[in-house]
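Take a look at the letters that make up each chain.
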Amino acid sequence: MDDWTADLEVDVICSDDDSTRRGKSLKLPLVKPVCAKRKSGYGFHQSCRMCLEKIREAMLHHRWQEAAEYMACCSQILECKSEYRVPPNKVLIRRISTEILHHHPNTTMEDYNVVYERMKHSGFKHYLMISLEHAFHLMLHGKIKDAKQKLCDAEGWKYGKESAIQIQNTRLIQAYRSLLDYIIWCDTKSSLSNKDYFDMQNALNSFRKASVNLKEILKHPGVWDPFILSYVDMLEFYQDHDEALKVLTDYALDENFPPNPNAQVYLYRYLKQHDAPQKKQMKNLHSLVPSHELMLDYISYLLQAEKKASAQKALAVILEMLDFACWRTNLDLWRSLQGVIQKLQMEDNFESIVRETMASRKDWWYALHFTSFHGRKDSKENPELLEVKASLAKILCPDRELKYAAE
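These numbers were taken from a predicted model, which means no experiment stands behind them.

Broken down by element type, the chain carries 21 helices and zero strands. Out of the 407 residues in the chain, the part that is buried amounts to 42%. Across the chain, every contact between residues at least 6 apart in sequence was considered, and the portion connecting residues at least 24 apart equals 62%. For the chain, the exposed area adds up to about 22900 Å²; of that, 51% sits on carbon and sulfur atoms.

Written out as structure tokens, the structure is:
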């Protein structure tokens with residue numbers, strides 16, 4: 001809000017001659033006599049600028065009623081088509097309007113609808129995104145069918161030659177419309193206990209409507225998490241497990257899609273639910289997010305393998321997790337590390353394995369885990385953790401004189 005003049009691109013060079021050429025002053029009437037009267041020559045843009053300054057001041061002090069009254073005066077900005085001046089930033093006007101609506105204590109749903117409809121028709125460039133934002137607001141207030149209708153209207157909207165951004169926004173509209181079909185399907189499904197034929201048909205129709213566009217999503221690389229989960233949920237309900245597995249596999253492993261840890265997690269959990277091998281998904285997830293909580297499952301899997309290479313891999317995975325502060329005081333993880341160390345101590349080259357794994361950490365790991373401060377804190381908050389860590393300190397940092405102990 002520091003420089004609204006720049007953001008709104010308002011041309012403030014208005015002359016008396018410019019005003020008289022139009023026959024009368026276009027100065028907006030102010031709701032309250034807060035601003036001093038200006039000469040008519042200041043014109044429409046100068047009046048808008050004054051009004052916007054008052055709106056900024058009112059918003060900064062949370063005077064939402066005052067801000068709303070001034071914004072009503074500035075609504076003519078949306079219709080500004082002066083050939084002599086740069087048009088104002090209508091996106092910013094939209095954001096200011098919705099911000100006032102969100103905070104005003106007496107805002108009604110009708111107020112939102114009026115503002116959004118006016119914004120949609122103030123310019124074609126942002127019609128689709130405003131429609132989507134309007135649908136979001138309706139969804140937040142439980143108006144699912146109304147939100148779907150808004151998206152259906154936007155889905156059929158066309159203007160001139162279809163641009164790349166318009167195609168992308170239309171695809172997003174279709175995806176969210178299908179998500180609303182999924183929500184309607186969930187509501188219908190919850191009433192299927194009475195085996196009512198019409199409810200079953202309504203649920204099936206909602207599934208078919210939603211699945212058409214949700215299935216299309218996989219043809220367009222991107223991050224589509226909520227849409228994929230919705231589609232898989234419906235497929236599982238109708239026991240189409242092969243299609244559900246194919247959808248999740250394509251989403252997680254298709255190289256055309258951006259790296260997505262969530263996709264690996266969804267596939268892993270589905271495979272685990274159906275007792276299928278999950279090692280590949282664990283490896284993929286580890287490469288993307290080595291601090292993920294599912295790495296605890298990966299460690300358990302590696303330790304169950306009872307192979308020397310698996311124990312070394314488990315050591316590396318645990319240490320990578322402990323590189324992150326969020327795992328620093330996790331007792332279960334330190335106990336896993338203690339178990340792996342005890343297992344590796346039976347190997348002849350145990351010391352070289354640990355030294356090689358800790359080589360990149362030797363200059364900073366002790367400061368992360370084994371200072372006197374950590375010793376005092378762990379002694380007070382978690383004595384068990386202190387005991388486990390103390391047994392590992394000299395093994396992991398043999399070249400350091402550590403002061404990690406209870407005081």
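The discussion continues.
Let's shift gears to the packing of aromatic side chains. Scanning the entire structure with this criterion turns up 14 aromatic pairs. Considering the side-chain rings of Trp 334 and Trp 365, the 6.1 Å spacing of their centres and the 55° angle between planes classify their relative orientation as tilted. Pair noted here: Trp 334 is in helix 17 (residues 331-344) and Trp 365 is in helix 19 (residues 365-369), with a separation of 31 residues, a long-range link. Summarising the burial analysis for this pair, Trp 334 and Trp 365 share the class buried. By way of ring pairs, the aromatic residues Tyr 182, Trp 185, Phe 207, Phe 237 and Tyr 238 are connected into one cluster.

Contact geometry for helix 4 (residues 64-73) and helix 5 (residues 90-103): axes closest at 10 Å, N-to-C directions at 145°. Regarding helix 4 and helix 5, the two cross each other, and that crossing is left-handed. The segment helix 4 lies against helix 5, with Trp 64, Ala 67, Ala 68 and Met 71 engaging Ile 96, Ser 97, Glu 99, Ile 100 and His 103. When its residues are assigned to classes, the contact of helix 4 with helix 5 shows six nonpolar, two polar and one charged.

Relative orientation of the contacting elements helix 17 and helix 21 (residues 383-396) amounts to 40°, with a least axis distance of 10 Å. In terms of orientation, helix 17 lies oblique with respect to helix 21. By crossing handedness, the relation of helix 17 to helix 21 is classed as left-handed. When helix 17 is examined against helix 21, the residues Leu 331, Trp 334, Arg 335, Leu 337, Gln 338 and Ile 341 are found in contact with a partner set consisting of Glu 384, Leu 385, Val 388, Lys 389, Ser 391, Leu 392, Ile 395 and Leu 396. In terms of residue class, the contact of helix 17 with helix 21 is built from nine nonpolar, two polar and three charged.

When pLDDT is averaged along the chain, the result is 81, and 82% of the positions lie at 70 or above. Across the chain, helix 13 (residues 261-273) holds the top mean pLDDT of 95, while helix 2 (residues 16-21) sits lowest at 38. Across residues 8-42, confidence stays below pLDDT 50; counting only partners more than four residues off in sequence or on other chains, it has 60 contacts. pLDDT under 50 marks residues 83-87. Its contacts with residues more than four places away, or in other chains, come to 11 contacts.

Okay, unusual backbone geometry next. Despite not being glycine, Gln 239 shows a phi value in the positive range, around 60°. With respect to the element layout, Gln 239 can be found in the loop between helix 11 (225-237) and helix 12 (241-253). Backbone geometry places Asp 275, a non-glycine residue, at a positive phi of 55°. Here Asp 275 lies in the loop between helix 13 and helix 14 (279-288).

Another point: the side chain of Lys 389. Among the secondary structure elements, Lys 389 is positioned in helix 21. Within polar-contact distance, the side chain of Lys 389 engages the side chain of Asp 378 at 3.1 Å. If we skip the residues at most four places from it in the chain, Lys 389 touches Arg 328, Trp 334, His 369, Phe 370, Asp 378 and Tyr 404.

The next point concerns the pattern of salt bridges. Scanning the model with the defined rule gives 14 salt bridges in all. Across the pair Asp 250 and Lys 246 runs a salt bridge, and its minimum N-O distance is 3.0 Å. Separated by four residues within a single helix, Asp 250 and Lys 246 lie in helix 12, roughly one turn from each other. Taking relative accessible area as the criterion, Lys 246 reaches 47% and is therefore assigned partly exposed. Salt bridges sharing partners connect three or more residues here, namely Lys 148, Glu 155, Arg 177 and Asp 181.

Within the element layout of this structure, Glu 243 appears in helix 12. No salt bridge is formed by the buried Glu 243; the nearest opposite charge belongs to Lys 215, separated by 4.3 Å. If we ignore the near neighbours within four places in the chain, the residues touching Glu 243 are Lys 215, Tyr 231 and Leu 235.

So, about a positive patch on the surface. Residues Lys 279, Lys 283, Lys 307 and Lys 313 make up a contiguous surface patch of positive charge. Within the element layout of this structure, Lys 313 appears in helix 16 (residues 308-322).

Rules used in this analysis
Residues numbered from 1 in each chain as written. Predicted model: local features only at pLDDT ≥ 70, side-chain atom pairs only at ≥ 80, totals over all residues. Heavy atoms only, no water. Helix = DSSP H or I, 4+ residues; strand = E, 2+ residues; numbered from the N terminus. Buried < 20%, exposed > 50% of the residue type's maximum accessible area, 1.4 Å probe, protein only. Contact = heavy atoms within 4.5 Å. Areas by Shrake-Rupley, 256 points an atom, 1.4 Å probe, with all protein chains shown as cover. Phe/Tyr/Trp six-rings, centres within 6.5 Å; stacked < 30°, edge-to-face > 60°. Axes fitted to C-alpha atoms, helices over the stretch in contact; angles between N-to-C directions. Left-handed = near helix turned anticlockwise from the far one by under 90°. Nonpolar A, V, L, I, M, F, W, Y, C, P; charged D, E, K, R; others polar. Parallel < 35°, antiparallel > 145°, perpendicular 65-115°, else oblique. pLDDT = per-residue confidence, 0-100. Polar contact = N/O pair within 3.5 Å; in protein donor to acceptor, adjacent residues only side chain to side chain. Salt bridge = Lys/Arg side-chain N within 4 Å of Asp/Glu carboxyl O. Lys, Arg positive; Asp, Glu negative; His and termini not counted. Patch = residues over 30% accessible without salt bridge, like charges linked within 9 Å, V, L, I, M, F, W, Y side chains within 5 Å. Charge placed at Lys NZ, Arg CZ, Asp CG, Glu CD.

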